[in-house]
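# Remarks on the overall topology
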Amino acid sequence: MHDEVVPDRNIRAYEAVREVDDFALLRKRYKNFVVPWTITFMAWYLLYVVCNNWARDFMSTKVIGNINVAVIFGLSQFFSTFLIAWLYGRYANRKLDPLAAGLNAKFKRERRR
Amino acid sequence: MTTQVNALIALPLADAEPGNRNLTVGLFLAVVAVTLYITWWASRQNKTAADYYAGGRSFSGSQNGLAIAGDYMSAASFLGISGQIALYGYDGFLYSIGFLVAWLVALLLVAELLRNSGRFTMADQLAFRMRQKPVRTAAATSTIVVSIFYLLAQMVGAGALVGLLLGVTDTTIKAGVIVLVGALMIIYVTFGGMKGTTWVQIVKAVLLMSGTVVITFLVLLKFDFNLSKLLGEAAAHTGKGEAFLQPGLLYGKDLVGQIDFLSLALALVLGTAGLPHILIRFYTVPDSKAARRSVQWAIGLIGTFYLMTLALGFGAAALLDTGPDSEVAKSKGNVASPLLAESVGGGADSIGGSILLALIAAVAFATILAVVAGLTLTSASSFAHDLYANVFAKGRVTERQELRVARFAAAGIGAVSIALAIPAQNLNIAFLVALAFAVAASANLPALLYNLFWKRFNTSGATWSIYGGLVTAVVLVFFSPVVSGSATAMFPDADWQWFPLANPGIISIPAGFLFGVVGTLLSKDPDSIERYTELEVRAFTGAGAEGAAKH
């Protein structure tokens with residue numbers, strides 16, 4: 001039961017928000033974080049998969065006691081995931097949320113006009 | 001990794017001591033009683049469509065994070081991953097890494113934008129700027145196919161698993177377990193809706209995490225909290241030595257195997273953010289910030305859990321008999337965690353051992369119930385909201401009528417999956433979970449990402465990518481060695497296999513993305529482009545997004 005036709009007032013309000021400089025800034029900031037980090041974690045993960053397949057001697061090198069490169073590489077995938085999730089949350093709280101809140105307020109004002 | 005739950009022969013796990021079995025059954029009944037109480041409580045709160053489909057959008061980030069963890073970690077990933085580690089060492093650990101890293105795709109690219117721009121189902125988000133009928137039909141088809149594949153694997157696994165935990169070999173009793181699990185999930189979903197299902201998942205996640213923490217602590221205590229010592233004793237005890245801690249015992253034995261593993265890894269990492277039962281969980285929170293918090297919680301919980309399975313798996317390898325004739329090997333690893341719990345609790349004849357064994361069995365049972373309920377709700381919601389209300393009735397139905405259909409659909413889907421799961425008991429259908437991930441990554445993820453980030457994307461592109469990715473993945477698996485032409489296939493006596501890989505992702509995921517581009521360029525659809533402004537502003541800022549229900 002999604003509205004098939006959005007009332008004109010809403011379209012105007014959305015277009016007005018789209019034109020604000022802060023919206024372009026919000027999109028830019030989002031991309032600045034998401035694009036490089038997505039490339040990083042995908043490359044890091046695929047490197048791990050590739051090493052499991054085709055660099056087994058390297059992966060089998062012992063580092064501390066019975067702990068080898070493979071185990072450390074695997075555990076580091078966990079910690080990099082935790083780290084990126086935490087970094088993104090911090091970035092979004094500081095850089096994205098305030099802009100989004102301001103634009104949201106503008107949308108509400110525009111809709112009332 | 002449902003994997004192994006199927007092909008098992010039940011083992012005399014609890015048959016020696018009826019006292020054990022009574023304790024296990026008692027705890028099973030306690031789980032059932034608690035979940036039914038939750039359902040009864042939730043059913044009295046469900047008034048509107050937002051209540052039924054999205055739990056009133058009033059769950060907090062941490063609650064939803066627990067529910068996501070409860071929805072995502074199946075009994076197979078609980079028992080299966082630790083079992084795989086117990087049998088194959090390091091390689092058993094690889095599945096869990098793909099399952100975890102996948103959450104970054106959900107966090108960075110999907111969760112918040114979907115929360116702001118969608119409503120109840122995955123299709124809502126796509127239909128935002130597309131022609132309703134074709135896009136909703138495509139998205140609902142893919143939602144229902146993915147959920148039913150996943151559901152069937154879980155139900156067949158449930159029969160085998162509960163039989164195993166109770167020490168039952170009889171097929172009729174196992175079929176009875178499937179009917180019982182099916183009936184319970186129908187009750188949860190029909191009466192409890194999203195609110196009831198979410199609380200069942202939260203309870204399950206708390207049980208699973210606490211049970212696992214206790215066993216992990218007891219295991220690590222035996223090895224002085226020294227990882228190197230644990231690994232060394234595991235490698236020595238299994239007799240496999242160094243190889244047990246290195247890649248290669250399970251995956252990538254030859255070039256085809258290596259490409260197959262790469263293909264599996266791609267489907268795991270890209271599939272999660274396209275699983276419909278995960279996506280609709282983002283609608284249960286009041287805003288995008290809470291959606292972000294819930295994914296962060298889920299990452300913390302799921303990651304911690306998988307780290308603990310490492311201790312469970314290697315602990316089982318070091319402390320239990322995992323040789324070719326052992327119970328662990330015969331169950332394909334599934335009893336590794338329960339038997340480990342018994343062992344660290346004091347051994348087979350001790351009170352501590354019996355209690356821990358029964359506790360882990362009850363946790364596994366709660367896990368099955370929570371996961372199947374989530375899947376049934378997802379398919380019922382999509383059937384009622386997308387197909388019935390928006391495609392067949394073209395939006396001209398009342399909320400009451402739509403919810404009535406959702407409840408009937410839940411019962412219908414439950415009945416169908418019971419009817420399919422019972423005869424499938426003796427087939428090896430473990431590959432269905434990997435296939436569900438492959439379809440989610442090949443059909444759903446391309447459509448979702450294009451819709452959010454590509455202005456030119458349109459109705460034709462959406463239907464092309466969904467059907468294209470879905471059909472490619474299913475057809476390739478149909479002609480792969482998991483369906484025919486090998487000893488472990490679903491139909492071991494037939495042979496129509498020509499596609500060498502068990503996992504289609506490496507072909508079907510790029511195909512899904514490519515179909516999306518081709519479909520888009522073949523059609524001109526100015527409306528989709530025009531409404532992109534609205535979608536974009538709403539997704540990024542939350543302006544005009546659905547809010548929490550006010551009670």
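Residues numbered from 1 in each chain as written. Chains lettered and ligands numbered in written order. Predicted model: local features only at pLDDT ≥ 70, side-chain atom pairs only at ≥ 80, totals over all residues.

A few words on the overall build of chain B. What chain B contains, in helices and strands, is 21 helices and 0 strands. The C-alpha radius of gyration of chain B comes to 23 Å, within 12% of the 24 Å expected for a compact globule of 551 residues. Summarising its shape, the C-alpha atoms of chain B cover approximately 70 × 55 × 45 Å along the three principal directions. Here chain B holds 551 residues, and 67% of them are scored as buried. Contacts spanning at least 24 positions in sequence make up 82% of the contacts within chain B whose residues lie at least 6 apart. (Helix = DSSP H or I, 4+ residues; strand = E, 2+ residues; numbered from the N terminus. Rg over C-alpha atoms; globule rule 2.2 N^0.38 Å. Buried ≥ 20, exposed ≤ 12 C-beta atoms within 10 Å, placed from the backbone. Contact = placed C-beta atoms within 7 Å.)

A few words on the overall build of chain A. The secondary structure content of chain A amounts to 4 helices and 2 strands. In sequence order, chain A lays out its α and β elements as α-α-α-β-β-α. Taken over C-alpha atoms, the radius of gyration comes to 23 Å for chain A, far larger than the 13 Å a tight globule of 113 residues would show. Projected onto its principal axes, the C-alpha positions of chain A cover 70 × 30 × 25 Å. Of all 113 residues assigned to chain A, the portion counted as buried reaches 26%. The long-range fraction of contacts in chain A, counting pairs at least 24 apart against all pairs at least 6 apart in sequence, stands at 67%.

For the rest of this paragraph, the subject is the interface of chain B and chain A. Contact with chain B, which involves 46 residues of that partner, is made by 48 residues of chain A. Where the side of chain B that touches chain A is concerned, the elements lending two or more residues are helix H5 (94-117), helix H6 (122-127), helix H9 (227-238), helix H10 (255-271), helix H12 (288-319), helix H15 (351-392) and helix H21 (532-541) of chain B. Ranked by residues supplied to the side of chain B that touches chain A, first place goes to H5(B) with 9 residues. Each residue belonging to the side of chain B that touches chain A can be placed in one class, and the counts come to 27 nonpolar, 14 polar and 5 charged. (Nonpolar A, V, L, I, M, F, W, Y, C, P; charged D, E, K, R; others polar.)

All right, on to helix H19 (residues 505-521) of chain B then. All names here are of chain B. An ideal rise of 1.5 Å per residue puts 24 Å on 17 residues; H19 measures up with 24 Å between its terminal C-alpha atoms. What H19 keeps buried is the set Gly505, Ser508, Ile509, Ala511, Gly512, Phe515, Gly516, Gly519 and Thr520. The buried side chains of H19 occupy one side of the element, clustering within an arc of 160° when seen end-on. (Expected span 1.5 Å × (residues − 1). Arc of directions from axis to C-beta.)

Within soluble globular proteins, side chains that are nonpolar generally end up buried alongside one another. Residue and element names in this part refer to chain B. Core analysis: the largest hydrophobic core is formed by 238 residues, its most contacted members being Ile302, Leu340, Ala364, Leu369 and Leu432. Sorting elements by how many residues they give to this core places H15 first, with 25 residues. Among all residues touching leucine 369, those that are not within four sequence positions of it are Thr35, Val181, Leu184, Met185 and Val200. (Core = buried A, V, L, I, M, F, W, Y, C linked by C-beta atoms within 7 Å.)

Here the phi dihedral of B:Phe225 falls at roughly 55°; this positive angle occurs in a residue that is not glycine. The class of B:Phe225 is exposed, set by 12 C-beta atoms lying within 10 Å.

Glancing now at the packing of H10(B) against helix H17 (residues 431-453) of chain B. Residues and elements named next belong to chain B. The geometry of H10 relative to H17 is characterised by a closest axis approach of 8 Å and an angle of 65° between their N-to-C directions. As H10 runs across H17, the sense of the crossing is left-handed. Counting all contacts with H10, which are made through Leu264, Ala267, Leu268, Leu270 and Gly271, the residues of H17 involved are Ala434, Phe437, Ala438, Ala440, Ala441 and Leu445. Here the contact of H10 with H17 is built from residues that sort into 10 nonpolar, 1 polar and no charged. (Axes fitted to C-alpha atoms, helices over the stretch in contact; angles between N-to-C directions. Left-handed = near helix turned anticlockwise from the far one by under 90°.)

A separate point is the confidence of the model for chain B. Residue and element names in this part refer to chain B. Predicted confidence across chain B gives a mean pLDDT of 91, with 96% of residues reaching 70 or more. Here residues 1-16 is a poorly scored stretch, pLDDT under 50, and it has 65 contacts once near neighbours within four places are set aside; other chains count. Scoring of the predicted complex yields 0.93 for pTM and 0.94 for ipTM. (pLDDT = per-residue confidence, 0-100.)

Along its 24 residues, H5(B) runs 34 Å from first to last C-alpha, staying within 8% of the 34 Å computed at 1.5 Å per residue. Remark: the principal bend of H5(B), roughly 50°, maps to B:Leu107. (Bend = angle between axes of the 7 residues up to and from the residue.)

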